[in-house]
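This is what each chain is made of:
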Amino acid sequence: MRPGRMVAVLILLLMVLLAFAYAISALLNPGAGAPGTDEVREYQGQKLSSIDDFRENSIKGPQHIDITRYNLTINGLVDHTKTYSYADVLSHPNYRKVVTLNCVEGWSVTILWEGVRVNDLLNESGVKPGARTIIFYAADGYSTSFSLDYIRDNNIMLAYRMNNITMPPERGYPFQLVAENKWGYKWIKWVTRIELTDQDYRGYWEQRGYSNSGDLNASFLG
Amino acid sequence: MDEKAFYKVVRKAIAWLLLAVTILFLLSGFGIVYPDLVGPFTLGLLYKGISIRLHDVLWAPFIALLTAHLLLRSVIKL
């Protein structure tokens, strides 16, 4: 028996064992909060996906926001820069809507979203004439932008609940944008700041070649 | 068991495991994108949620098994 050869084989076997140990451990401890029994799976006759049906593909992994220190700021071309706590945002009228998120990876989820309208927040800040682009920034450094008209005309929502339960950290707690009719990369999570500008802006994936409009009826490749 | 037989068993085990993990990796990938197809095909075992979780962790055993599968032959020949 050659000891060197046996050691090499054992090292390879150990590597395989470690890989399986990692996979089993990751499977048993996914890190995601279990949705529990309160999650609704049907709304007004429409079947809903589970909040576990998302694939985690954020740029820096799930963000765990300390809600006691959390602020949502609205600035840029506004009459008054506004800073809201989580409770401040939730004190606005809330809306519910079933919307499907389509990821560029090929999967999709249909969820009952509940949140506040961005319009309501913008109306409080007052939008200056000339503002035409709205940029959303996230806690992980992610950003994306839209035309202001899109946000205004479609009553786009900042969601804080999904399928009747509070949005978990890995889904974007405290707020995820429900960017209807846009590819999933426009559905920014962990929103911390909203800026209005008169310039064009390309967000994280848009700078890397994705379409800036992110329209679902067109290719996501720029 | 002599050394030669041991290596043969190890190689076979690695090869079959790699095949199983590869199939599971592919199926779970399709299970994410086509849950309505793969779910019933796997008798409900690979529904979308479990497909996502499996697919996100299977890369590690897949790479380890593929590496072992490719290197074992050379190592044993040494």
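For the structure, see preceding data.
Residues numbered from 1 in each chain as written. Chains lettered and ligands numbered in written order. Predicted model: local features only at pLDDT ≥ 70, side-chain atom pairs only at ≥ 80, totals over all residues. Heavy atoms only, no water.

Engineer: What's the story with the interface of chain B and chain A in this structure? I'm lost.
Structural biologist: The parts lose accessible area when they come together, and the size of an interface is often stated as this lost area. Chain B puts 29 residues into the contact, and the matching count from chain A is 26 residues. Where chain B abuts chain A, roughly 2400 Å² becomes buried across the two surfaces, and 72% of that area is made up of carbon and sulfur atoms. At the junction of chain B with chain A, the criterion picks out one salt bridge. Between Asp56(B) and Arg55(A) there is a salt bridge whose closest N-O contact spans 2.7 Å. Summed over the shared surface of chain B and chain A, the result is four residue pairs in polar contact (both at pLDDT 80 or more). Of all the elements in the fold, those that place two or more residues in the side of chain B that touches chain A are helix 1 (3-33), helix 3 (48-57) and helix 4 (59-77) of chain B. It is helix 4 of chain B that provides the largest number of residues to the side of chain B that touches chain A, a total of 11 residues. (Contact = heavy atoms within 4.5 Å. Buried area = accessible area lost by both parts, 1.4 Å probe. Salt bridge = Lys/Arg side-chain N within 4 Å of Asp/Glu carboxyl O. Polar contact = N/O pair within 3.5 Å; in protein donor to acceptor, adjacent residues only side chain to side chain. Helix = DSSP H or I, 4+ residues; strand = E, 2+ residues; numbered from the N terminus.)

Engineer: What exactly am I supposed to notice about unusual backbone geometry here?
Structural biologist: Of all residues except glycine, most have a negative phi; of all peptide bonds, most are trans. Here the bond from Tyr173(A) into Pro174(A) is cis, since omega is 10°, no more than 30 degrees from zero. Mapped onto the elements of the fold, Pro174(A) is located in the loop between strand 10 (165-166) and strand 11 (176-178). A positive phi is found at Gln44(A), a non-glycine position, where the angle reads about 50°. Following the sequence through the fold, Gln44(A) ends up in the loop between strand 1 (42-43) and strand 2 (46-47). Residue class for Gln44(A) comes out exposed when judged on its relative accessible area of 72%. Even without glycine at this site, Leu43(B) takes up a positive phi of about 55°. (Buried < 20%, exposed > 50% of the residue type's maximum accessible area, 1.4 Å probe, protein only.)

Engineer: Explain the environment of Ser145(A) to me, please; I cannot follow it from the model alone.
Structural biologist: Residue and element names in this part refer to chain A. Relative to the helices and strands, serine 145 is located in strand 8 (residues 143-147). Judged by its relative accessible area of 3%, serine 145 is buried. Separated by 58 residues in the primary sequence, serine 145 and glycine 203 have C-alpha atoms spaced 6.2 Å apart. With sequence-adjacent residues up to four places away left out, serine 145 is seen in contact with Thr133, Ile134, Ile135, Lys186, Tyr201, Glu206 and Asn212. A polar contact of 2.7 Å, which involves the side chain of serine 145, links it to the backbone oxygen of tyrosine 201.

Engineer: When you look at helix 1 of chain B in this model, what are you seeing that I'm missing?
Structural biologist: For an α-helix, the turn length of 3.6 residues means that residues three or four places apart are oriented alike. Taking 1.5 Å as the rise per residue, helix 1 of chain B with 31 residues should run 45 Å; its terminal C-alpha atoms sit 45 Å apart, in good agreement. Of all the positions in helix 1 of chain B, only Glu3(B), Tyr7(B), Val10(B), Ile14(B), Leu18(B), Val21(B), Phe25(B), Ser28(B), Gly29(B), Gly31(B) and Ile32(B) are classed as buried. (Expected span 1.5 Å × (residues − 1).)

Engineer: Please clarify how the sheet that holds strand 8 of chain A should be interpreted in this entry.
Structural biologist: Paired through backbone hydrogen bonds, the strands of a sheet run either parallel or antiparallel to each other. Residue and element names in this part refer to chain A. Pairing is mixed in the open sheet, where five strands are placed in the order 4-3-12-7-8. The open sheet has two free edges, formed respectively by strand 4 (82-84) and strand 8, since each of these has just one partner strand. Neighbour-to-neighbour, the strand axes of this sheet turn through a mean angle of 15°, independent of strand direction. Pairing between strand 3 (residues 72-76) and strand 4: three bridges, direction antiparallel. Considered in strand 4, the bridge of threonine 73 is made with threonine 83. (Pairing = 2+ DSSP bridges. Axes fitted to C-alpha atoms, helices over the stretch in contact; angles between N-to-C directions.)

Everything listed here is a matter of geometry and, on its own, says nothing about what the molecule does.
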